[in-house]
Structures are given as C-alpha cells and as structure tokens.
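# Working through the structure, step by step
Below, each chain spelled out in residue letters.
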Amino acid sequence: MKVKNFFINLKSNLVSGIAARWLISVFAPVLAVVLLSCMILCVFVSNFYTTTVRNKLRFEAENTSKYFESYVYPEYRDFTTCAQLLVSDFDKKTMMEIQVSNISGKSAYSSTGFAVTELSITPDVLEARTGTTSYWSGRLETTGEKIISYSAPLYNTDHVVCGTVRMISSLKNVEELLSTIYLIVALVGFFIIALTAFSGIYFIKSIVMPVRQINRVTLDIAKGNLNASSLNYSSSDEIGQLCRNINMMANELADSQKVKNDFISQISHELRTPITAIRGWSETMMADDSLNELAKRGVGIINEETERLSKMVEEMLDMSRMQSGRLNISTTPTDIIAEFENTVFMMGERAKGENISIVYNMSDEECIINCDKDRMKQVFFNIIDNAIKHSNPGSEVMASTQREKDCIKFIIEDFGAGISREDLPYVKEMFYKGSSQKRGSGIGLGVSDEIVRLHGGSLDIESELGIGTKVTVTLPVSKELQNDNTD
Ligand SMILES: Nc1ncnc2c1ncn2[C@@H]1O[C@H](COP(=O)(O)OP(=O)(O)OP(=O)(O)O)[C@@H](O)[C@H]1O
Ligand SMILES: [Mg+2]
C-alpha cells in the first residue's frame, strides 16, 4: 500500500511543478549524457578490440607473405611444398588459424590439421588473388561463430600472385570480453542514473513537501482560519526561514483578529443592557393610553429599531464567538420538521406585512434528529428573513422539506432579486453584503453556515441575478433515533 502510494505521489509529482522542472533541467540532461557516454564507450571499446585483432592478423599475413616470397619459394620452387612448410612452421597456431591456398583455391592447407577440401571464398581471399591485402569479418556458415580473417597474396620469384595466405581468428573471446565490458558499462550507467534519481527525489521531497505544507497553511490563513495549523519545518535554510516568517505572520494576524473580536464582543455586551432597558421602557410607554398619536408612533419606531439593534448585537456576539471558536451547540433529540414549520409560520405573519406569502405544505412526517433547537431555528429564521427581504411585494417564497435516506433537506426558494455570480462565492463571509442595499449587517449567512456545519450538515445556495435564490439546508439523520421514534 505504501509502495503504491509512493508511486502515485511520484507520478503526480513528476507531471507538474518543481519535480517536472527538475526532470527537464537535471534528470533528462544527466540521462542523455550517461546514455551517450555509455554508447560512445561501448563503440570505442568494441572498435579497439576488433582493430587490435585485425592488426595482429594483418601483421601475420603480411609477414608470412614476405617470408614466402623472400625465402620459402626461392628455395623450394614448388607451391605445395612451400604451402605445407608455411603451415607447419607457423608458431601462433593457438592464437589464429593459417590457411594457404594456390590461386585457384583447389590446393589448400590449414593449421587446424584438417585438409581443406573446399576453401571458403570470402571477399578478402578474392582481393588477395588480385594482389591486395584485405580483411573480412562475418559468421561461419557451419557454426555461426563470428570470425575475422585477413588475406595476403603470395608472390613467386617472378612477382606473380601464385596463391593466398589467410589468417583467421575467432571473435568468440573478444565478444565474451565485450559482453562483460558492456554489462559493466551498463551497470555503472544505471548506478549513476539511479543515484541521480534518488538524490533528486530526496531534493524534491525536501522542497516540495514543505512548499505543499506552506500552500495548505497559507490557504487556511487566506480563508481566515488562522489557528488551524502552523508550519513545523525547523530547518535553517531559506524554506525554514519562510516557514518561520509565515508562522509569525499568522500569529500577528491571529492576535489582531483576537483584539478585533474582543472589541466587538465587549461592545456587544455593553450594548445589550441599555438596549434591553430601551426596549422594556418603549414597550411600557406603548401601553400608556395617555400618549398622543405622534408620541405613540415615535415610541413604536423606537421599539422596532431597538429590536433590530438587539438582533444585530446578538449576531455580532455570535460572530465573535464563532471566530474565537466558542460558538457551541448543545443538542437534544428534536422534531426538526416541527421546528421548521414553527419558524415558517412565525415568519409567514411578518411576510404578510410586506405583501409576500410563504407557500408551505404541512408535513405529517416527524423527523427526530439530535440538534440545537434554538440555533437551528436561528438558521431557518435567517434564511427566510433573507428570502422575504429580497423578494418583491406580491411574490411568493416557497418552503419545503425533503426527506432522504440518511439526511433531511430544508429548501427555501424565493423569486426576488437573486445574487450575482460575482457575489455568490462570498455571501457566507462576515459582513459581506455584496450590492445589497437592504437592511442587515451581512452576518446572518456566515453564522447560519457555521451552525449547520457544527451539526454535520451543509448550507448550499443557488442563485441567479433577477431570477431568485434557493437555499438548501441539509442535516444528517441518524437511523437509531428514527427507529426509537417509530417503536
Ligand atoms: N435570498 C436572497 N436573495 C438575494 N440576496 C441574498 C439572499 N440571501 C442573501 N443574500 C445576499 O447575501 C448577503 C449576506 O446575507 P446575510 O444573511 O449574511 O446578511 P444580511 O441579510 O445582509 O444581514 P443579517 O442577516 O446579518 O441581518 C446579503 O446582504 C445579500 O446581498
Ligand atoms: Mg440575513
């Protein structure tokens, strides 16, 4: 499994990024140089050995030819006697074979001791008959053995070619030696390539791994997740320095965010008490019949605005809790469909005031899940509030539930302003309102998304500008609770 993962990682590393650059700029040239050097070395060695053998044969053939012309033929004057003498006197029989034949090739003698009944007429023999010393290399038809032969002309006293002498050597030993040399060269080449590959992989790992970690952490930082993880690459090189700087930057950002959160939290807390007092008194004053119409309207507005202010303060508190990781949920088994319906009906009354109707088909189903009832109602409230806020008077907001195998979906769809494609990815971010001019501080969706996430669910938004928005909240449903319920 580990080996498989290693190769999968290696493959993905090799096709992109730093590894690909190393492959092109280092490994490929080294591979090319090593392969080329091995090939040149093999060709050179092969040439060296065959040339050495050829030179030896040439030397012997030419010497024998001179010896024949200067001493043997002038003394015996009979080709057959001379040929037999040349063959019997030849002292390097263990190293090479000597073949002496007359010009027609019919009378031939060999140092192998066997009578040559039919001389193999190779190009070098033909050349020698014309007076030129030349060589031939090829395989024996009978054994398939590779040989090299050198033939020289034999001159009589009238300086006329009367026969040929041919030196033959097997290349079997040379071929064996060359095979060993090729193997050694290939092994050395392979060792160099393997060494380059391993040192390269080590080098890439030592760069790519920390860079990947840096990527992950900086992406977390960019998303505002400052406490998620820190870089633990402790080397003193440039990458280590970069990691330490990024850690320092994340700490600084976390500190300043903490200061901001603490400030928002403190202000929100401070505002809570006076707002509660204003709200309490405005409600008391509204009940006072002695107030004239104008004063009553004024107190009504004060009451409404304080309510808005109070909601805003609560949202800001949630946001600061969320950002400092203190937004907790306490779950109890709850009939979530009933809670959704309650919120829909409560908001339905408000929507009527804005000439918007919420369409919802009552469900007789029950769906018990472990959730924080109040927090989930807060989520439904936020989403329906957004739908009403961005709908045009006279339009409808559709609310529905959809039970699936292991989850339940709550869908709220409006046919209002919609969200532009540019704004859509950011609407869950804190204080992001896009181009909306409607009331609100831009916190609702961010907090709702976090609450749903804490429940193990998801909040998805589909929207098209000018057409409408569909928000789907998906919550996981555990089987056990449903069974408990049906029992
Ligand atoms: N149903 C919708 N139709 C059109 N735009 C929407 C809809 N829901 C959300 N938005 C856009 O997303 C932004 C963020 O919504 P969010 O609920 O977080 O903030 P808000 O409603 O402006 O303020 P808050 O909910 O904190 O009172 C809104 O300002 C609006 O631009
Ligand atoms: Mg909202």
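Source: prediction; values computed, not measured.

Across the sheet, which stays open at both edges, the five strands sit in the order β2-β1-β5-β4-β3 with antiparallel pairing between neighbours. In this open sheet, the two strands that pair with only one neighbour each are β2 (108–110) and β3 (134–139). Put simply, the sheet's adjacent strands are angled 20° from each other on average, direction ignored. The sheet contact formed by strand β1 (residues 97–102) and strand β5 (residues 161–170) spans six bridges and is antiparallel.

Attention shifts here to the environment of glycine 348. Within the fold, glycine 348 resides in helix α8 (residues 336–353). Among the residues examined, glycine 348 registers 18 C-beta atoms within 10 Å and is labelled partly exposed.

Further remarks concern unusual backbone geometry. Although it is not a glycine, histidine 159 sits at a positive phi angle of roughly 60°. Relative to the assigned elements, histidine 159 resides in the loop between β4 (146–155) and β5. What makes histidine 159 exposed here is the crowd of 8 C-beta atoms within 10 Å. For phenylalanine 431, which is not glycine, the phi dihedral falls at a positive 65°. Overall, the presence of 10 C-beta atoms within 10 Å leaves phenylalanine 431 in the exposed class.

Our focus in this paragraph is helix α5 (residues 172–222). Since the α-helix packs 3.6 residues into each turn, any two residues three or four apart lie on the same face. In this model, α5 (51 residues) spans 72 Å end to end at C-alpha, consistent with the 75 Å of a helix rising 1.5 Å per residue. In the segment just after α5, glycine 224 is the residue with positive phi, at about 90°.

Take the environment of arginine 321 next. If you trace the backbone, arginine 321 turns up in helix α7 (residues 293–323). A count of 16 C-beta atoms within 10 Å places arginine 321 in the partly exposed class. For arginine 321 and serine 395, which are 74 residues apart along the polypeptide, the C-alpha to C-alpha distance reads 36 Å.

Quick look at the sheet that holds strand β7 (residues 357–360) now. Strand pairing in a sheet relies on backbone hydrogen bonds, with the paired strands running either antiparallel or parallel. Within the open sheet, the five strands sit side by side as β7-β9-β10-β12-β11. Their pairing is mixed. Looking at which strands have only one partner, the edges of the open sheet turn out to be β7 and β11 (458–464). Averaged over neighbouring strand pairs, the angle between their axes works out to 15° when direction is ignored. When β7 meets strand β9 (residues 396–403), the two strands line up parallel, connected through four bridges.

Looking now at the packing of helix α2 (residues 17–76) against α5. Packed helices, taken two at a time, are described by the angle their axes make and the gap between the axes. Across the interface, α2 lies against α5 with an axial gap of 10 Å and an inter-helix angle of 170°. In terms of their interaxial angle, α2 and α5 are classed as roughly antiparallel. Of the two possible hands of crossing, α2 and α5 adopt the one that is right-handed. Split by residue class, the contact of α2 with α5 holds 28 nonpolar, six polar and no charged.

This paragraph deals with helix α10 (residues 444–454). Counting buried positions along α10 gives nine out of eleven residues, so the element sits mostly inside the fold. Three or more residues of α10 are buried, namely Gly444, Leu445, Gly446, Val447, Ser448, Asp449, Glu450, Ile451 and Val452. Its buried side turned inward, α10 meets α7, α9 (373–389), β11 and β12 (468–476). Positive phi appears at glycine 456, one or two residues downstream of α10, with a value of about 80°.

A word on the domain arrangement of the protein. Here the protein is partitioned into domain 1 (1–203), domain 2 (238–323) and domain 3 (332–486). Taking only C-alpha atoms, the centre of domain 1 and the centre of domain 3 are 88 Å apart.

Contacts to ligand 1 come from 23 residues, most closely from His390, Ser436, Gly440, Gly444 and Leu445. Of all elements in the fold, only α9 and α10 reach the threshold of two or more residues within the shell around ligand 1. Counted by class, the shell around ligand 1 contains seven nonpolar, 13 polar and three charged residues.

Turning to the packing of α7 against α10, a few remarks are in order. Across the interface, α7 lies against α10 with an axial gap of 10 Å and an inter-helix angle of 50°. Looking at the two axes, α7 sits oblique to α10. The handedness of the crossing between α7 and α10 comes out as left-handed. Of the residues in α10, those touching α7 at Glu315, Asp318, Met319 and Met322 are Gly444, Gly446, Val447 and Glu450. A class-by-class count of the residues in the contact of α7 with α10 yields three nonpolar, two polar and three charged.

Burial within β5 is extensive, with seven of its ten residues counted as buried. Relative to β5, β4 is paired through nine bridges, and the arrangement is antiparallel. Looking at the pairing, leucine 154 lines up with glycine 163 of β5.

Moving on, we get to the nonpolar core. Here is a general trend for soluble globular proteins: nonpolar side chains tend to be buried in one another's company. By size, the foremost hydrophobic cluster in this structure holds 36 residues, and its most contacted members are Ile336, Ile384, Val397 and Ile412. Elements that contribute at least two residues to this core include exactly α7, α8, β8 (368–371), α9, β9, β10 (407–414), α10 and β12. Among the elements that take part in this core, α9 stands out by supplying seven residues, more than any other. For this core, the domains that each give at least three residues are domain 2 (238–323) and domain 3 (332–486).

What counts, and at which threshold
- Residues numbered from 1 in each chain as written.
- Chains lettered and ligands numbered in written order.
- Predicted model: local features only at pLDDT ≥ 70, side-chain atom pairs only at ≥ 80, totals over all residues.
- Pairing = 2+ DSSP bridges.
- Helix = DSSP H or I, 4+ residues; strand = E, 2+ residues; numbered from the N terminus.
- Axes fitted to C-alpha atoms, helices over the stretch in contact; angles between N-to-C directions.
- Buried ≥ 20, exposed ≤ 12 C-beta atoms within 10 Å, placed from the backbone.
- Expected span 1.5 Å × (residues − 1).
- Parallel < 35°, antiparallel > 145°, perpendicular 65-115°, else oblique.
- Left-handed = near helix turned anticlockwise from the far one by under 90°.
- Nonpolar A, V, L, I, M, F, W, Y, C, P; charged D, E, K, R; others polar.
- Contact = placed C-beta atoms within 7 Å.
- Domains from an automatic or database assignment.
- Near = placed C-beta within 6 Å.
- Core = buried A, V, L, I, M, F, W, Y, C linked by C-beta atoms within 7 Å.

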